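Listed below, chain by chain, are the residues.
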Amino acid sequence: MMQTTQIPLMLTPFAVYLYVLGVWHSGRSPRVVSGWLDCFLLAAAIWGLLAFGPAGGFFTGPWLGAARPWGASILLVVVGSIIAAVVPSPFSRFVIYNINPVEFHDLFDKMIVQSPGGFARTLAGYENSAEGVSIVVESSNRFRVVVIEIKGARARSTLAALKPILRERLSEVRSGPSPIAWIFFAASIAAMLIPFGAIMATRPEARRAFLGLFQRIVGR
């Protein structure tokens, strides 16, 4: 059975991830985020939910027998497999938050097609057949997110050249805070209040300490 003290450990990484998403969606301009950073934060959130939640007990339970010390490693493999399925190539992509996909496609299309790089439009994005590089663009109108993935032998160098240019162009776009930012902030606060409520409900000493602190603050 999961202990009350495990709940903060389980939900804190998830709450931090939601809060960061809220920050990325609340800026005046779109935010360009490296794929590896976006992937790392997602992995930390999933790892916290699994490692300190009911799944953590499953992977370190007595049913493993002699393999019990390897439970944490097994859990790490599970988290890695989940992330690999969700984000197959984090080092060759970047994510743009708080962006109108329609406006972005217009801006990106002009920037790529009119540039001397030799890219041409395709159904999934853009392709430079001479260099063997393709750019896949995925977007979500509901979440105001655009994901750009670069494939090919020169994917890393193309990404390194493209990202600072795109970041500079997008810094001139005034998108304003996205309404979805407040949803992420509210979800983050809720995720932090759940552990606090659980501790207050199950630990009398915690309630007494909190009540004493509150009385001292009010008394002042």
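Residues numbered from 1 in each chain as written. Predicted model: local features only at pLDDT ≥ 70, side-chain atom pairs only at ≥ 80, totals over all residues. Heavy atoms only, no water.

Summed over all chains, the structure comprises five aromatic pairs. Arranged with centres 5.3 Å apart and planes meeting at 15 degrees, the rings of Phe104 and Phe108 form a pair that is stacked. With Phe104 and Phe108 both in helix H5 (residues 101–113) and four residues apart, the pair spans about one turn of that helix. Their ring planes at 55 degrees and their centres at 5.7 Å tell us that Trp182 and Phe185 sit as a pair that is tilted. Note that Trp182 and Phe185 are positioned in helix H7 (residues 179–202) at a spacing of three residues, about one turn of the helix. (Phe/Tyr/Trp six-rings, centres within 6.5 Å; stacked < 30°, edge-to-face > 60°. Helix = DSSP H or I, 4+ residues; strand = E, 2+ residues; numbered from the N terminus.)

What follows is about the sheet that holds strand S1 (residues 31–34). Reading across the sheet, the six strands line up as S1-S2-S6-S5-S4-S3 and stay open at both edges, with antiparallel pairing between neighbours. A single partner strand is all that each edge strand has here, and the edge strands are S1 and strand S3 (120–121). Pairing analysis gives five bridges linking strand S2 (residues 93–97) to strand S6 (residues 145–152), with the strands arranged antiparallel. Looking across to S6, one finds that Ile96 is bridged to Val146. (Pairing = 2+ DSSP bridges.)

With respect to the element layout, Asp109 can be found in helix H5. Looking at Asp109, its side chain comes within polar contact range of the side chain of Arg121, at 2.6 Å. (Polar contact = N/O pair within 3.5 Å; in protein donor to acceptor, adjacent residues only side chain to side chain.)

Turning our attention to the pattern of salt bridges. On inspection of all chains with the given rule, the structure shows three salt bridges. Its salt-bridge partner being Arg93, residue Glu149 comes within 3.1 Å of it at the nearest N-O pair. One end of the pair, Glu149, is in strand S6; the other, Arg93, is in strand S2, and 56 residues separate them in sequence. We note that Glu149, like Arg93, is buried. Arg154 is the partner of Glu131 in a salt bridge, and the nearest nitrogen-oxygen pair spans 2.5 Å. Of this pair, Glu131 sits in the loop between strand S4 (125–128) and strand S5 (133–140) while Arg154 sits in the loop between S6 and helix H6 (155–170), placing them 23 residues apart in sequence. (Salt bridge = Lys/Arg side-chain N within 4 Å of Asp/Glu carboxyl O. Buried < 20%, exposed > 50% of the residue type's maximum accessible area, 1.4 Å probe, protein only.)

What follows covers the nonpolar core. Formed by 24 residues in total, the largest nonpolar core has its most connected members in Trp24, Ile83 and Tyr97. Mapped by element, the contributors of at least two residues to this core are helix H1 (6–25), helix H2 (35–51), helix H4 (71–86), S2, S6 and H7. What Ile83 contacts, discounting residues up to four positions off in sequence, is Cys39, Leu42, Ala43, Ile46 and Pro88. Counting 22 residues, the second largest nonpolar core, distinct from the first, contains Phe108, Ile112, Ile148 and Val173. (Core = buried A, V, L, I, M, F, W, Y, C linked by side-chain atoms within 4.5 Å. Contact = heavy atoms within 4.5 Å.)

As a further point, take the environment of Ala187. Structurally, the position occupied by Ala187 is in helix H7. On the basis of relative accessibility, which here comes to 31%, the residue Ala187 falls in the partly exposed class. Put simply, Ala187 and Gly22 are 165 residues apart on the chain and 9.5 Å apart in space, counted from C-alpha to C-alpha.

What follows concerns a nonpolar patch on the surface. Residues Trp36, Leu37, Phe40 and Phe91 make up a contiguous nonpolar surface patch of roughly 450 Å² in combined accessible area. For Leu37, the position within the fold is in helix H2. Since its relative accessible area comes to 30%, Leu37 is described here as partly exposed. (Patch = residues over 30% accessible without salt bridge, like charges linked within 9 Å, V, L, I, M, F, W, Y side chains within 5 Å. Areas by Shrake-Rupley, 256 points an atom, 1.4 Å probe, with all protein chains shown as cover.)

Interpretation note: all reported values are geometric properties and have no functional meaning in isolation.
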